[in-house]
Amino acid sequence: MHTLSIPTLPTHTSDTARQICDYLDREGFKGEIDDDGDVVFRCEGLAYLLCLDSADPQWGRLVVPFVWEWDSAQERTEVMQAVDFVNRRSKLVKAYSVNNRVHLSIQLLLEPVSCWSSILLRCVRALAEARTLMINAIRLPELVTLDLQKLAQTQTDKHDTPPATTH
């Protein structure tokens, strides 16, 4: 019986992860490489995970895991409204849920590695701001209601505005 042999691609992920850890160390953060080859670090009390892929060295996902967890159907509804709110309001960050937990992430395509260092701190700030937005939306559901009302009004205004005429 023949077995299928899939050649392994050369990987630069470990080099990329080391370079990113070196950058984080220079910036005053302690970056570590976990068992999966991802970079883990903390900034201002939040844990961050930079997931890398040896098959796609240009790709990376920066994640703030476990932003919120829910226990009931009622709370799930409120949390999902907050997730939608964050996704509407954030330019970079996407909120999503897995197993009753909300995570925030930014996915990027960058090369060379030096590009990571030029935008990593901006991504960290964007994720921290999205986390605050998420928590505020859960604790103050009227923010979500007001946002939806503004969105609905904007849509109404677009449909009520007559098209411009040219002569």
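As a starting point, this report considers the structure included with it. (Residues numbered from 1 in each chain as written. Predicted model: local features only at pLDDT ≥ 70, side-chain atom pairs only at ≥ 80, totals over all residues. Heavy atoms only, no water.)

### Details of the sheet that holds strand E2 (residues 39-43)
For step 1, the next point in the chain: Read across the sheet, 6 strands follow the order E1-E2-E3-E4-E6-E5 without closing on themselves; strand pairing throughout is antiparallel. The open sheet has two edge strands with one neighbour each: strand E1 (32-33) and strand E5 (94-98).
For step 2, the next point in the chain: Most of the contacts of helix H2 (residues 73-89) go to E5, to which it runs at about 155°, and overall it touches strand E4 (59-69), E5 and strand E6 (101-109).
For step 3, the next point in the chain: Sitting on the sheet, helix H3 (residues 114-139) touches E2, strand E3 (46-52), E4 and E6, and the angle it makes with E4 is about 25°. (Pairing = 2+ DSSP bridges. Helix = DSSP H or I, 4+ residues; strand = E, 2+ residues; numbered from the N terminus. Contact = heavy atoms within 4.5 Å. Axes fitted to C-alpha atoms, helices over the stretch in contact; angles between N-to-C directions.)

### Section: the pairing of E3
For step 1, the next point in the chain: The buried fraction of E3 is high, at 5 of 7 residues.
For step 2, the next point in the chain: Note: E2 against E3, 5 bridges, orientation antiparallel. Across the sheet, residue Val39 finds its bridge partner in E3, namely Leu50.
For step 3, the next point in the chain: Counted along the chain from E2 to the antiparallel partner E3, the turn is 2 residues long, and its residue Glu44 has a positive phi close to 50°.
For step 4, the next point in the chain: With 4 bridges joining them, E3 and E4 adopt antiparallel strand pairing. Its bridge partner lying in E4, Leu49 is registered against Val63.
For step 5, the next point in the chain: Counted along the chain from E3 to the antiparallel partner E4, the turn is 6 residues long. (Buried < 20%, exposed > 50% of the residue type's maximum accessible area, 1.4 Å probe, protein only.)

### Concerning the pattern of salt bridges
For step 1, the next point in the chain: By the definition in use, this model includes 2 salt bridges.
For step 2, the next point in the chain: Here Asp15 makes a salt bridge to Arg18, at a shortest N to O gap of 2.6 Å. In this pair, Asp15 and Arg18 are both assigned in helix H1 (residues 13-26), 3 residues apart and thus about one turn of the helix distant.
For step 3, the next point in the chain: Note that Arg101 and Glu69 form a salt bridge whose closest N and O atoms lie 3.6 Å from each other. Here Arg101 is found in strand E6, whereas its partner Glu69 is found in strand E4, with 32 residues between them in sequence.
For step 4, the next point in the chain: Judged by its relative accessible area of 32%, Arg101 is partly exposed. (Salt bridge = Lys/Arg side-chain N within 4 Å of Asp/Glu carboxyl O.)

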